[in-house]
Amino acid sequence: MDVKLIQLSDSHLHEQPGKRLIGIDTDASLRAVVDLAGAEENVNAILATGDLSQDGSLQSYQRFVEFVSPLNVPIHWLPGNHDDVDYFHAPQDGFPLSSRSTLDLGAWRIIMLDSVVPGKDHGKLAQSELDYLADQMQDCDGRHCLVVLHHQPIATGADWLDTMQLYNDGAFFNVIQQYDTVRAVIYGHVHQAFVKDLDGIRFMSVPSTCFQFKPDSVGFALDDALPGYRCLVLKESGSIETEVRRVAEFDLSLDKDVEGY
Ligand SMILES: [Fe+2]
Ligand SMILES: [Fe+2]
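Residues numbered from 1 in each chain as written. Chains lettered and ligands numbered in written order. Predicted model: local features only at pLDDT ≥ 70, side-chain atom pairs only at ≥ 80, totals over all residues.

1. Brief notes about the sheet that holds strand β4 (residues 45-48)
By way of backbone hydrogen bonds, the strands of a sheet pair with one another, either parallel or antiparallel.
Now for step 1: With mixed pairing, the five strands of this open sheet are ordered in space as β5-β4-β1-β14-β15. Since the sheet does not close on itself, it has two edges, and those belong to β5 (75-77) and β15 (240-246), each with one partner. Sheet twist, expressed as the mean angle between neighbouring strand axes with direction ignored, is 25°.
Now for step 2: Where strand β14 (residues 228-234) and β15 come together, seven bridges link them in antiparallel fashion. (Pairing = 2+ DSSP bridges. Helix = DSSP H or I, 4+ residues; strand = E, 2+ residues; numbered from the N terminus. Axes fitted to C-alpha atoms, helices over the stretch in contact; angles between N-to-C directions.)

As structure tokens, then:
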């Protein structure tokens, strides 16, 4: 059985509906991306890879679920540096998404991690997350593993963004290289599509559902690329077919004078 996933990331919704970030109405851009994803058939799960919220407000997560629910596919999420990580680790009153679980779908195991350092923009996997990852890999019954986190574990090539990457990438690599089961690592945070094969593992990022960062820029720079998502088809053999799809048109209204976010 093939496993089909949609990766949505970095929607940066606010407590207040329709509030703009760097010029963009992040509610509207997420809705446009979800409309596009509505054409996908036989999707098994949506993976939302962090920064769902800009401010960690309950209302922002409730609207995220309201916007994405029409796809009628289970939503699994993990936190980014703008999210409230407490929601990920234990059920909380009124929070509309589940806390973490590992997904076993067909011949695949999908392992969701928390790479957030509270109050910081860079990422780091706590020892408890590294232990969780090792346990999930060790006990995966021969499944192929897809590892999912928010921060980029390898450099993207944009210097300013790479100061905010996963700091303990060495410890992460030590774990995933211990077992020959990881086929790919996917993440958000960098607001651009990036793919690199390294030691037999494919590393992939995804466009944000709102604004994009310019690839290979030294300092903070926005890109005119349109919002989108990544579609992944995980094959029983362990191979992956994947494609990034972007909305055909959207009025970004980017505020290019902004020097950060
Ligand atoms: Fe983000
Ligand atoms: Fe982020």
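2. Observations regarding helix α4 (residues 127-138)
Now for step 1: The first and last C-alpha atoms of α4 sit 16 Å apart over 12 residues, in line with the 16 Å expected at 1.5 Å per residue.
Now for step 2: Regarding α4, the residues found buried are L133, Q136 and M137. On an axial view of α4, the arc spanned by its buried residues comes to 100°, and they lie on one face. For α4, the exposed residues lying more than 90 degrees away from the buried face are Q127, S128, D131, D135 and Q138.
Now for step 3: Residues of α4 that are buried in the fold lie against β7 (108-112), β8 (144-148) and α6 (169-176). (Expected span 1.5 Å × (residues − 1). Buried ≥ 20, exposed ≤ 12 C-beta atoms within 10 Å, placed from the backbone. Arc of directions from axis to C-beta. Contact = placed C-beta atoms within 7 Å.)

3. Remarks on the sheet that holds strand β6 (residues 103-105)
Now for step 1: In space, the six strands of this open sheet follow the order β6-β7-β8-β9-β11-β10, with mixed pairing throughout. The open sheet is flanked by β6 and β10 (194-198), the only strands paired with a single partner. Neighbour-to-neighbour, the strand axes of this sheet turn through a mean angle of 20°, independent of strand direction.

4. Details of helix α1 (residues 26-37)
Now for step 1: Helix length check: α1 (12 residues) gives 17 Å between terminal C-alpha atoms against 16 Å at 1.5 Å per residue, within 8%.
Now for step 2: For α1, the complete set of buried residues consists of T26, D27, S29, L30, A32, V33, V34 and A37.
Now for step 3: Those residues of α1 that are buried lie in contact with β1 (3-8), β2 (20-21), β3 (24-25), α2 (58-68) and β14.

5. Focus: unusual backbone geometry
Now for step 1: Despite not being glycine, H12 has its phi angle at roughly 50°, a positive value.
Now for step 2: Among the structural elements, H12 can be located in the loop between β1 and β2.

6. Some thoughts on the packing of α1 against α2
Now for step 1: As a packed pair, α1 and α2 sit with axes 9 Å apart at the nearest point and diverge in direction by 30°. Between α1 and α2, the interaxial angle falls into the category roughly parallel. Our pair here, α1 against α2, has a crossing hand that is right-handed. Of the residues in α2, those touching α1 at D27, L30, R31 and V34 are R63, F67 and V68.
Now for step 2: Among the residues forming the contact of α1 with α2, the class breakdown is four nonpolar, no polar and three charged. (Parallel < 35°, antiparallel > 145°, perpendicular 65-115°, else oblique. Left-handed = near helix turned anticlockwise from the far one by under 90°. Nonpolar A, V, L, I, M, F, W, Y, C, P; charged D, E, K, R; others polar.)

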